[in-house]
Amino acid sequence: FKDSIAEEHISTRFCVNRYQQLTGNAIKDVKALAEIYEQDPAAQQVFKEFGTNLGQFLVEFIKIDQPQVVIIGGN
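Calculation rules
- Going along each chain's sequence as written, the residues are numbered from 1 onward.
- Where totals are concerned, whole chains, interfaces and linings use all residues; where local detail is concerned, this predicted model gives features only for residues with pLDDT of at least 70, and gives and counts side-chain atom pairs only at 80 or more.
- By convention in this description, side-chain values take in all heavy atoms of the structure and omit both hydrogens and water.
- A run of H or I in DSSP counts as a helix once it spans at least four residues, and a run of E counts as a strand once it spans at least two, with each numbered from the N terminus.
- Note that patches include only residues with greater than 30% relative accessible area and no salt bridge, and the join distances are 9 Å for like charges and 5 Å for nonpolar side chains (Val, Leu, Ile, Met, Phe, Trp, Tyr).
- Computed by Shrake-Rupley with a 1.4 Å probe, the accessible areas treat only the displayed protein chains as cover when residues are assessed.
- Any carboxyl oxygen of Asp or Glu within 4 Å of a side-chain nitrogen of Lys or Arg constitutes a salt bridge here.
- Accessible area is worked out with a 1.4 Å probe on protein chains only. A residue is then buried under 20% of its type maximum, exposed over 50%, and partly exposed in between.
- To estimate how far a helix should reach, multiply one less than its number of residues by 1.5 Å.
- Here a residue-residue contact requires only that any non-hydrogen atoms of the pair lie within 4.5 Å.
- N or O atoms closer than or at 3.5 Å make up a polar contact, with two conditions inside protein: a donor-capable atom paired with an acceptor-capable one, and, for residues adjacent in sequence, both atoms drawn from side chains.

**Q** Describe the environment of glycine 55, with residues and values.
**A** Structurally, the position occupied by glycine 55 is in helix α3 (residues 41-65). Once the C-alpha coordinates of glycine 55 and isoleucine 10 are considered, the two residues, 45 residues apart in sequence, prove to be 9.6 Å apart.

Spelled out as structure tokens, the structure:
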């Protein structure tokens, strides 16, 4: 996915790393990112990019594998 593995674009690691790229500030995890979402445009951008990445991945996956059900899990 996007010349890498999906995990690089739809995971906690993506969110934490992308936030640091945008702001120069480290953040502990997605929960911490969600807690600042309302007042932090960079956090909002990270979640928007995450959602876009997840959507693109799912569309591609569903087209190729044609599953009857998709279950999403994780942290």
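**Q** Go over a nonpolar patch on the surface, please, and point to the residues and values.
**A** Taken together, Ile62, Val70 and Ile72 make up a surface patch of nonpolar side chains, about 250 Å² in accessible area. With respect to the helices, strands and loops of the structure, isoleucine 72 is situated in the segment after α3. Judged by its relative accessible area of 57%, isoleucine 72 is exposed.

**Q** Pulling in residues and values, what's your account of α3?
**A** Between its first and last C-alpha atoms α3 spans 36 Å; for 25 residues at 1.5 Å apiece the expected length is 36 Å, and the two agree. Among all positions of α3, only Ala42, Ala43, Val46, Glu49, Asn53 and Leu58 are buried. Check the buried side of α3 and you find it contacts α1 (12-23) and α2 (30-35). The N-cap of α3, judged by a side-chain oxygen 2.8 Å from the amide nitrogen of alanine 42 a few residues on, is aspartate 40. The positive-phi residue at the C-terminal boundary of α3 is glutamine 66, with phi of around 45 degrees.

**Q** Pulling in residues and values, what's your account of unusual backbone geometry?
**A** Even without being glycine, lysine 2 reaches a positive phi, approximately 55 degrees. On the secondary structure map, lysine 2 appears in the segment before α1. By relative accessible area, lysine 2 is classed as partly exposed at 43%. With a phi close to 60 degrees, aspartate 3 is a non-glycine residue in the positive phi region. You can see aspartate 3 is positioned in the segment before α1.

These figures capture arrangement, not role.
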